[in-house]
Amino acid sequence: MTDRLRRTVRHVVAALALPIGLLACWWVLTADSDSYYLPPLSEILASIDDVWLHSGRLRTDVLPSLLRLLGGFTLAVLLGVGAGVAIGSSRRLRAFCEPVLEFLRAIPPPVLVPVLILFAGIGNTMKVLVIVSGCVWPILLNTVEGVRAVDPVLLDTARCYRIAGPARLWHLVIRSASPQIVTGMRQGLSIGIILMVISEMFAASNGLGFSIIQFQRTFAVTEMWTGILLLGLLGFLLATAMRIFERRALNWYLGLRQTQRGGDR
Amino acid sequence: MRRPTGLLGDPTLLGVFGFATFLALLEVVPRLGVVAPDYLPPASRTGVALAELAGEGAFWTALGDTLRGWFLGLLIAVALGIVVGFVLGTAPILREATASTIEFLRPIPSVALIPLAVLLFGTSLRSVLLLVVYAAFWQVLVQVLHGVQDVDPVAQETARTFGLGRLARIRHVTWPTALPYLLTGVRLAAAVALILTITAELVIGAPGLGHEIGVAQSGAAVPRMYALIIVTGLLGVAVNILARQLERRLLRWHPSIRREVPA
């Protein structure tokens, strides 16, 4: 028991030592900084409260950003998995679509912002569409790969037992492809965050990206730094949430892989 | 490139057919008025704009700017990723101590650095590089760390028994093990670097294709904007193909590539 405790303590120390050290360095080095670009960390941290909490920006800027991201990401998952299953199940369809998909995927998603402004103006619709247009590719292509790799023996078995339609789709195809689908979702999420910020930097009247750019343009450097920190924290939290989801959804798969490798890690 | 053509099941033929259908749709949909041609010009008009671009000196300068930002950023990110990855990966204590910091810094979206880059460097190349290097570095680093971890302990012990020193072990045991991972990292980083280069040009206004797209959009030169977007897409495809080729060339000896060679 004490051995385990000691090991836990060691892990915690190892995990926290460097971040705390770095923050301490930042704090000390900028303590009496009068550089315009690098305000003291103490000042930045102190103003987080004023900039984001008291002014209500959390509700008027951060919340809309998150809702757009959530909406766009959900749509992208539905679209990506749906189209991915369809394309992955048919060899002909796959050969037919692949070059076009490869090309569309290769277009850097942010350049679609100007295009979508043409179609959808500068409102929420545009921003959600921008997020969808970027997130959907990794999800779609990974789903295609996953569906393609479904064990043919299992497919045959399902056919023998006359498992067809939605049951076959859900219990066999989606399930077998789920490791790849989740990988695609993880990649899609980080693209989604980037696009959320960029779409707001272009033309918006609220949102996290909008606020940060506004701070920068009005040379409110301390406020800008709080925005950068907040965005960093958001990216980290979303990535952590994704990892927890991954562990839940793929529990069976991770366990299976461990047994196959015979390892105890 | 062309494989011997079969009949209906030939994937290459189907792919060409798919692309032709896509182009035909792009031509017909605006012409029938399903989508306003002001928003989505017919493919032929975009094609004309594309041809016009090719005759412009300014376009080639912009392309050169974009490629330079991409290449320099990627180069710096890969060099940093290799050095940091090997140093951290071969020392368990360092690896453990930095794991949480890496996990925290990695998901920070690089676009968060845009305002900082603008303040520090304005619209110069250095702004672009700051974003590109930050985004691409993690892709390389994480892959190198995985690769260094993957070293077979038996091979490591064997090398030690034969009296190989630390550097020789890195050269002959760790490096070949990590190389496939590293190249995967380079491939991912190359794509990310291109996206960030063009994004930085578009948002910050540094010279390059992204900036040209922004200018075309604000000047309502819609076909030109589409033509430029197509160029960025082609660039993306080219980067992917190039990275795959590099991987194939450098890993010719590796089982994963040798297995792919058709019998």
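J.: Break down a nonpolar patch on the surface for me, citing the residues and quoting the values.
T.: There is a patch of nonpolar side chains on the surface, built from Y36(A), Y37(A), L38(A), F219(A) and L120(B) and spanning about 480 Å² of accessible area. When you line up the elements, L38(A) lands in the loop between α1 (2–29) and α2 (41–54).

J.: Go over the pattern of salt bridges, please, and point to the residues and values.
T.: Close approach of charged atoms allows side chains with opposite charge to pair. In the structure shown here, the tally under the stated rule is 11 salt bridges over all chains. For R10(A), the salt bridge is made with E96(B), and the minimal N-O distance between the two is 3.4 Å. Taken together, the residues span two chains, with R10(A) in helix α1 and E96(B) in helix α4 (residues 92–105). By relative accessible area, R10(A) is classed as exposed at 53%. You can call E96(B) partly exposed: its relative accessible area is 26%. Between D156(A) and R159(A) there is a salt bridge whose closest N-O contact spans 3.4 Å. Taken together, the residues D156(A) and R159(A), both in helix α7 (residues 152–160) and 3 residues apart, mark about one turn of the helix. Among the charged side chains, a network of salt bridges with common partners joins E56(B), E212(B) and R224(B).

J.: Describe in detail the interface of chain B and chain A, supporting the description with residues and values.
T.: Across the boundary between the two partners, chain B contributes 50 residues, which contact 48 residues of chain A. Buried surface at the junction of chain B and chain A, both sides included, amounts to about 4400 Å², of which 80% is carbon and sulfur. Per-residue buried area on chain B facing chain A is highest for E96(B), P115(B) and L119(B); these three make up 14% of the total on that side. If you look at where chain B meets chain A, you find 1 salt bridge. One can count 2 residue pairs in polar contact (both at pLDDT 80 or more) joining chain B with chain A. Elements represented by at least two residues in the side of chain B that touches chain A include exactly α1 (11–31), α4, α5 (114–121), α8 (166–204), α9 (209–218) and α10 (222–250) of chain B.

J.: Break down unusual backbone geometry for me, with residues and values.
T.: Trans peptide bonds make up most of the peptide bonds, and negative phi angles are found at most residues other than glycine. The residue R162(A) is not glycine, and still its phi comes out positive at about 55°. With respect to the element layout, R162(A) can be found in the loop between α7 and α8 (165–202). One non-glycine residue, A220(B), lies in the positive phi region at around 55°. If you trace the backbone, A220(B) turns up in the loop between α9 and α10. Judged by its relative accessible area of 60%, A220(B) is exposed.

What counts and what doesn't
Residues numbered from 1 in each chain as written. Chains lettered and ligands numbered in written order. Predicted model: local features only at pLDDT ≥ 70, side-chain atom pairs only at ≥ 80, totals over all residues. Heavy atoms only, no water. Patch = residues over 30% accessible without salt bridge, like charges linked within 9 Å, V, L, I, M, F, W, Y side chains within 5 Å. Areas by Shrake-Rupley, 256 points an atom, 1.4 Å probe, with all protein chains shown as cover. Salt bridge = Lys/Arg side-chain N within 4 Å of Asp/Glu carboxyl O. Helix = DSSP H or I, 4+ residues; strand = E, 2+ residues; numbered from the N terminus. Buried < 20%, exposed > 50% of the residue type's maximum accessible area, 1.4 Å probe, protein only. Contact = heavy atoms within 4.5 Å. Buried area = accessible area lost by both parts, 1.4 Å probe. Polar contact = N/O pair within 3.5 Å; in protein donor to acceptor, adjacent residues only side chain to side chain.

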